[in-house]
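# Analysis of the macromolecular model
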Amino acid sequence: MKVSIITVVLNGAKTIRGTIESVLNQTYDDIEYIVIDGQSVDGTIDIVNEYKDKISKIVSEQDHGLYAAINKGIDLATGDIIGLIHSDDFYLDNLVIQRVVDTFKKENKHMLFTDLLYIKGDNKDKVLRYYSAKNFTVKKLKYGFMPPHPTLFVKKEVYEKYGLYKIDYKIAADYEMFVRLLLVNKLSFSYIHLPIVKMRVGGVSSGGIRRKIECNIEVLRAIRSNGLKANHLVLLKKYPIKIIEIIKGYSYNILDRIKNKKGK
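This paragraph deals with a negative patch on the surface. A contiguous patch of negative charge, built from Asp29, Asp30, Asp80, Glu157 and Glu160, is present on the exposed surface. Looking at where Asp80 falls in the secondary structure, it is placed in the loop between α3 (66–76) and β4 (81–84).

This is how it looks when you write it as structure tokens:
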């Protein structure tokens with residue numbers, strides 16, 4: 001089972017090396033790694049080219065935003081399964097892809113996702129939030145909930161049949177994709193109850209109250225454009241869950257420290 005991993009980056013010189021190495025260090029040996037650079041001007045492409053002998057495909061050109069770049073990578077991908085790992089993210093360990101493939105082989109679902117850890121900047125051990133999909137249900141998509149997108153792996157045939165990311169969304173095209181695949185077309189999914197990705201805070205859907213309002217507007221549009229009903233009030237239900245996840249993040253840090261002390 002061939003796995004295509006896509007990294008989309010624009011001016012990510014500070015973090016791209018860690019992302020690349022987390023992919024190249026995977027034990028699974030049938031990985032096609034694709035890097036889509038939006039013509040970075042901070043030396044990103046120089047770092048990427050250091051690994052060019054191990055990266056399957058490198059594209060560096062202007063594009064029309066994050067989701068257009070992701071679509072470009074999907075079009076280039078030849079794997080049975082496609083995963084995304086952006087330049088602010090990295091895999092937790094070198095067994096991630098092996099676990100993903102084993103689960104696809106065992107359960108044979110259309111897609112798979114796991115839990116995610118948000119971390120603080122350069123402090124890879126400081127977990128700010130434990131983003132869990134344990135209690136996710138397809139119905140909760142109507143309230144603005146969705147699984148952690150950076151942990152998503154999808155069969156190539158799904159994109160071929162149901163389409164790519166809609167580039168007229170600036171923030172919530174990933175949410176619209178979940179709505180289209182899970183709510184509308186009722187595709188099957190697997191869930192691994194453990195985090196496989198660490199993600200630095202500050203993604204495209206974060207950035208203050210104004211950004212959150214823009215995101216919620218796009219979330220409502222994604223629901224309605226797929227023939228479903230929703231309103232602003234129901235989206236408020238997701239915020240108490242986020243508070244719980246922040247508390248879980250602190251708990252994760254405490255448990256990790258205890259483990260480290262026992263290890264010593």
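Next, the rest of the story.
Time to look at helix α7 (residues 209–225). Note that an α-helix has 3.6 residues per turn; residues three or four places apart therefore point the same way. The terminal C-alpha atoms of α7, which comprises 17 residues, lie 24 Å apart, in line with the 24 Å expected from a rise of 1.5 Å per residue. By the burial criterion, the buried members of α7 are Cys215, Asn216, Glu218, Val219, Leu220, Ala222 and Ile223.

Attention now moves to the pairing of strand β1 (residues 3–9). Burial within β1 is extensive, with seven of its seven residues counted as buried. The alternating pattern of β1 places Val3, Ile5, Thr7 and Val9 on one face and Ser4, Ile6 and Val8 on the opposite face, and all of these are buried. Taken together, the seven bridges between β1 and strand β2 (residues 31–37) define a ladder with parallel strand orientation. Note that in β2 the partner of Val3 across the bridge is Ile31. The parallel pair β1 and β2 is bridged by helix α1 (residues 16–24), and the resulting crossover is right-handed. Note: β1 against β4, four bridges, orientation parallel.

Together, Ile209, Ile213 and Ile217 make up a nonpolar patch on the protein surface, roughly 310 Å² of accessible area in all. Of note, Ile209 is situated in helix α7. Ile209 sits in the exposed class, given a relative accessible area of 63%.

For the rest of this paragraph, the subject is the confidence of the model for the protein. Averaged over the protein, the pLDDT score is 87; the fraction of residues at 70 or greater is 84%. The model gives residues 260–264 a pLDDT under 50, and that stretch makes zero contacts with residues more than four places away or in other chains.

For the structure shown, the criterion picks out seven salt bridges. Its salt-bridge partner being Glu32, residue Lys57 comes within 3.3 Å of it at the nearest N-O pair. With Lys57 in strand β3 (residues 57–60) and Glu32 in strand β2, this residue pair connects regions lying 25 residues apart in the sequence. For Glu32, a relative accessible area of 5% puts it in the buried group. The shortest N-O distance in the salt bridge between Arg180 and Glu176 comes to 2.7 Å. One end of the pair is Arg180 and the other is Glu176, both in helix α6 (residues 173–184) and four residues apart, which spans about a single turn. The two residues Arg180 and Glu176 agree in class, both being buried.

The rules we used
Residues numbered from 1 in each chain as written. Predicted model: local features only at pLDDT ≥ 70, side-chain atom pairs only at ≥ 80, totals over all residues. Heavy atoms only, no water. Patch = residues over 30% accessible without salt bridge, like charges linked within 9 Å, V, L, I, M, F, W, Y side chains within 5 Å. Areas by Shrake-Rupley, 256 points an atom, 1.4 Å probe, with all protein chains shown as cover. Salt bridge = Lys/Arg side-chain N within 4 Å of Asp/Glu carboxyl O. Lys, Arg positive; Asp, Glu negative; His and termini not counted. Charge placed at Lys NZ, Arg CZ, Asp CG, Glu CD. Helix = DSSP H or I, 4+ residues; strand = E, 2+ residues; numbered from the N terminus. Expected span 1.5 Å × (residues − 1). Buried < 20%, exposed > 50% of the residue type's maximum accessible area, 1.4 Å probe, protein only. Pairing = 2+ DSSP bridges. Right-handed = clockwise from strand over helix to strand, strands pointing away. pLDDT = per-residue confidence, 0-100. Contact = heavy atoms within 4.5 Å.

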